[in-house]
Amino acid sequence: MALKSLRFYVAACLCLILFTGSVFAQQRKIYGYVQDSHSEERIPFASLKFKRSAEGTLSDSAGNFSFTLDAWPSDTIEVTYVGYENFYLAIDTTAEEMQVVINLERGKKNTEIVIKSKIGKGMILWRKIVKNKPLNDRSRFDNYSYELYNKLEADLNDPANNKLIKLTILKPFKKVINQNIDSTTEAKPVLPLYLTESLSDYYYQRSPRKTREVMKAIKTMGFNNPSISKMLGGMYQNVNVYKNFIPVFDKDFVSPISDNGSAYYNYRLPDTQYVGGRRVLHFVFEPKHKGENTFDGDAWIADSSFAVMKMNLRVPETANLNFVKKLDLIQEYQLVNDSVWFLSKDKFVADFIFLDKNRLNFIGRKTSTYRNIFINDTTVDAALAKNKLREEVIVQDSANVKTDEFWQDARHEDLSKTEKGIYQMIDTLMAMPSFQRFTDLVYFLGTGYKNVGNYEIGPWYNWFTANAYEGPRVRFDLGTNTGFHRKLYLTGYLAYGFLDKKLKGRLQTLYLLNKSPRSTLFASYLNDIDNGQVYYDEVGSDNLFAIALRKPNVPLRYMKIEQMKLEYFKEWSSGLSVTLTGQRRRFTPLSNLPLKEHYPSESGGEPLNTFETGIKVRFAYLEKFLDGNFYRMSLGSDLPIIEAHYMKGFAGVFNSSYNYHRIGGSISDYKKLSPFGSIYYNLYAGKVSGTLPYTLLEIPPGNNIWYYNKYAFNMMTRYEYLADWYSGINVEHNIGNGIFRFIPLTRMLKFRQFWGAKIMWSGLSQANKDYNTDNNGHTFKSLDGKPYMEIGTGVDNIFKIFRLDFIWKVLPRPLPEKTFERFGIFGSFRVVF
């Protein structure tokens with residue numbers, strides 16, 4: 001009997017084991033995570049439920065989810081989250097388990113019934129967040145420091161359908177490109193093109209304000225520009241959601257937790273959750289009005305402290321921003337010392353479309369992570385004590401030569417398989433002659449210059465032009481590059497006019513004594529038609545584009561100049577610079593100007609021949625630059641830029657004829673007036689002493705073409721007025737979309753509004769009036785102390801690159817028979833975001 005019982009017991013256990021195993025073998029599992037399809041950021045607390053059974057769950061705080069089922073249902077999982085389109089996941093009943101990544105597309109607006117009231121839960125939460133901003137903003141600390149890791153990546157979007165990839169010129173290296181197309185991590189495949197990384201130590205002090213950044217490591221493939229490397233660090237990362245405005249390229253967007261945010265946003269509080277035992281509030285915001293520079297998105301707010309734990313900012317398509325289809329800004333915060341929510345991660349993802357979605361369609365990503373955070377620490381004071389300036393960025397000598405082993409240990413997060421492949425691909429492409437020829441062609445078309453061995457030719461847009469005096473004119477430029485010498489730059493050109501049958505040219509050299517702080521020696525010889533001063537961002541008269549833009553019925557006045565110039569430039573870290581100049585100039589009037597014979601020299605020298613020396617002092621505190629190999633471009637300063645100059649003319653030196661003094665100065669500044677755009681102003685004044693020919697007096701800058709010149713009086717022609725003293729102000733206020741945001745069509749076209757005014761007071765002594773009037777009727781106008789004034793407005797951002805200026809000459813009022821001199825329409829091109 002006992003034996004039978006034992007057998008029964010064993011059999012029952014075996015049946016139970018087999019039955020249990022059968023049950024477990026039949027279980028099915030679905031797991032994965034939910035993310036934003038654009039930024040690839042995990043979405044916490046998304047709702048997932050079966051449509052028929054209504055069984056569901058929420059993704060966790062990291063966006064992960066899982067279902068365990070006894071059998072596959074004939075059902076579909078519906079995924080929802082506020083601000084995103086619903087996602088439907090069909091069940092694959094042939095698989096034992098499903099591992100999925102759910103990409104949610106943003107765009108769904110709130111369809112709930114909204115009970116209008118002055119104060120809702122979202123508004124109450126916004127008020128509490130704003131009230132506690134002074135307690136949560138990291139800028140409240142006396143000091144802090146952290147280690148910053150930056151990663152910047154650029155990808156070509158959807159390369160399979162991109163016409164750029166199909167260009168014949170890319171055929172030699174299509175195999176390399178196709179091998180690196182990543183179709184695993186995106187809703188659409190991408191082609192990684194560029195990757196750069198940097199690691200730095202950043203220090204901040206609140207009062208007096210100081211910042212210091214030490215760039216410890218930089219890894220860049222393809223090019224290495226120190227000024228760009230500095231911009232990849234923390235000094236130029238000024239995104240702080242607690243501030244009232246958040247910079248997006250060159251625009252300021254209103255922060256959703258701005259002190260005045262309720263005027264721009266609608267707020268909601270859809271739910272609350274618990275993470276790690278802490279209650280967090282889901283804060284959702286969207287713009288009140290279309291066309292304003294605002295975000296839509298959401299944030300998770302810590303209860304009781306009302307600090308931001310994570311914020312997702314998305315730029316709406318209606319925002320007045322060029323070339324950007326989608327843009328996400330994400331900031332995550334971590335708890336430091338169990339009491340402070342401090343920034344732990346920044347992420348920036350943008351889709352750029354420069355032509356259309358099938359050409360020049362790129363994705364840019366920048367990820368920044370923060371480690372080793374110290375707050376109110378004496379080590380920060382010790383590091384900042386080394387500063388000579390308020391802001392300093394130091395690039396260590398070894399920053400660009402770190403090994404792969406160093407980067408493996410130093411990175412805050414590992415590179416993905418795709419990111420690792422970028423370095424290999426760029427190495428391969430850079431070694432291919434066909435790719436080098438391609439990049440040379442792009443550089444030539446974009447900049448105008450082409451490198452040929454140790455030399456460069458160009459710019460190509462100066463090769464051909466024409467004017468009434470020279471007729472058709474050809475020109476050829478030749479210069480050296482860094483292959484010839486890293487500090488010495490030689491360049492020159494020869495030009496020939498087919499009507500005057502004269503050869504002209506220029507030769508100049510620049511020697512870099514030191515690159516930072518900058519000091520240079522410059523020498524030049526010029527023998528050519530004087531085309532006036534041309535700024536780097538303006539169109540001069542000596543190029544291909546100016547031929548069709550000249551104003552009709554404007555007196556054609558031409559002057560030949562022979563100039564020999566020697567210049568020494570010295571700059572200090574403080575932003576102070578001094579330029580010492582010595583130059584000889586010989587002028588020869590050619591057309592519609594008083595001739596040399598009208599100015600006999602009383603000192604026995606040559607008429608219209610002058611020698612002068614001078615000094616220019618300039619102060620631009622913390623001015624930023626984009627450096628080239630030999631020259632650089634100013635990116636401006638946060639403070640006004642002050643300039644002053646003095647020149648002294650000497651008779652009898654190199655057969656010169658004139659003694660005189662020239663003094664002048666200016667103050668200029670560019671300021672953002674958020675949310676009302678930006679303003680630029682330039683105050684200037686000067687005086688010339690002595691009875692002198694017009695070549696040595698002040699000739700107010702006029703404009704002889706229909707291309708708008710922001711530095712000139714556009715309704716004035718060149719050589720129209722003459723002065724021996726002057727003062728004035730130029731102002732331009734770029735408002736942004738302004739009134740255009742109220743009109744649906746102009747809001748869709750993203751037109752922008754601006755206004756400007758230019759006023760000058762000047763005079764000319766009677767002695768200089770008499771001296772500069774000849775017997776042939778060549779005279780110059782004088783304002784006699786009265787103002788000259790132009791005002792203008794217009795439409796900017798037409799087709800994203802074109803601007804129209806409507807200019808009125810207000811003073812002096814033109815004669816009734818010359819009312820056409822009172823108004824003009826000018827065009828110009830510029831590419832801005």
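Residues numbered from 1 in each chain as written. Predicted model: local features only at pLDDT ≥ 70, side-chain atom pairs only at ≥ 80, totals over all residues. Heavy atoms only, no water.

A. Broad picture of the sheet that holds strand β6 (residues 87-90). Pairing within the open sheet is antiparallel, and its four strands lie in the order β3-β2-β5-β6. Each having just a single partner strand, β3 (56-58) and β6 make up the two edges of the open sheet. Each strand axis lies, on average, 20° off the axis of its neighbour in the sheet, ignoring direction. Note: strand β5 (residues 76-80) against β6, four bridges, orientation antiparallel. Looking across to β6, one finds that valine 79 is bridged to phenylalanine 87. (Pairing = 2+ DSSP bridges. Helix = DSSP H or I, 4+ residues; strand = E, 2+ residues; numbered from the N terminus. Axes fitted to C-alpha atoms, helices over the stretch in contact; angles between N-to-C directions.)

B. Quick look at the pairing of strand β34 (residues 641-649). Two elements, strand β31 (residues 609-619) and β34, share eight bridges in a ladder whose sense is antiparallel. From the neighbouring strand, glycine 614 faces β34, where its bridge partner is methionine 647. Summarising the sheet, β34 and strand β35 (residues 660-672) pair through nine bridges and their orientation is antiparallel. Note on β35: the bridge partner recorded for isoleucine 641 is serine 668.

C. Spotlight on unusual backbone geometry. Cis geometry marks the peptide bond from serine 207 to proline 208, where omega comes out at -10°. Residue placement: proline 208 occurs in the loop between β9 (190-205) and β10 (210-220). With an omega dihedral of 15°, the bond running from glycine 458 to proline 459 counts as a cis peptide bond. Tracing the backbone shows proline 459 in the loop between β23 (455-457) and β24 (464-467). One non-glycine residue, asparagine 376, lies in positive phi territory at about 50°.

D. Summary view of the nonpolar core. The biggest cluster of nonpolar side chains holds 75 residues, and the ones touching the most others in it are Ile30, Phe283 and Phe295. Of all the elements, strand β19 (residues 340-356) adds the most residues to this core, at six residues. In terms of nonpolar packing, the next biggest core, distinct from the first, is built from 20 residues, Tyr493, Tyr660, Val688 and Tyr719 among them. (Core = buried A, V, L, I, M, F, W, Y, C linked by side-chain atoms within 4.5 Å. Buried < 20%, exposed > 50% of the residue type's maximum accessible area, 1.4 Å probe, protein only.)

E. Here's a closer look at helix α2 (residues 121-131). Where α2 is concerned, the buried positions are Gly122, Met123, Leu125, Trp126, Ile129 and Val130. In a view along the axis of α2, the buried residues occupy a sector of 160°, so they form one face of it. Seen from the buried face of α2, the exposed residues on the opposite side, beyond 90 degrees, are Lys121 and Lys131. Of the surrounding elements, those touching the buried residues of α2 are α3 (133-136), β13 (265-268), β15 (278-287) and β16 (296-302). (Arc of directions from axis to C-beta. Contact = heavy atoms within 4.5 Å.)

F. Main features of the layout of surface pockets. Approximately 780 Å³ is the volume found for the second largest pocket. If you go around the second largest pocket, you meet 28 residues; those closest to its centre are Met715, Glu720, Lys781, Lys809 and Glu821. The class makeup of the residues in the lining of the second largest pocket is 15 nonpolar, four polar and nine charged. (1 Å grid on protein atoms, 1.4 Å probe; cavity = no way out; pocket = protein on both sides within 12 Å on 5 of 7 lines; lining within 4 Å. Points joined across faces, edges and corners; volume = space filled by probe spheres on them. Nonpolar A, V, L, I, M, F, W, Y, C, P; charged D, E, K, R; others polar.)

G. Spatial organisation of the packing of aromatic side chains. Under the counting rule described, the total for this entry stands at 44 aromatic pairs. Their ring planes at 35° and their centres at 5.1 Å tell us that tyrosine 694 and phenylalanine 780 sit as a pair that is tilted. Of this pair, tyrosine 694 sits in the loop between β36 (678-689) and β37 (725-736) while phenylalanine 780 sits in the loop between α11 (766-771) and β39 (787-798); the two residues are 86 residues apart in sequence, bridging distant segments of the chain. Each member of the pair, tyrosine 694 together with phenylalanine 780, is buried. Arranged with centres 5.1 Å apart and planes meeting at 45°, the rings of tryptophan 808 and phenylalanine 823 form a pair that is tilted. Remark: phenylalanine 823 occurs in strand β41 (residues 823-829) and tryptophan 808 occurs in strand β40 (residues 802-811); sequence separation between them is 15 residues. Each residue in the set Phe141, Tyr144, Tyr146, Tyr202, Tyr204, Phe342 and Tyr370 is aromatic and connected to the rest through ring pairs, giving one cluster. If you follow lysine 570 out to its NZ or CZ, it ends over the ring of tryptophan 572, 5.6 Å from the centre. (Phe/Tyr/Trp six-rings, centres within 6.5 Å; stacked < 30°, edge-to-face > 60°. Lys NZ or Arg CZ within 6 Å of the ring centre and 35° of its normal.)

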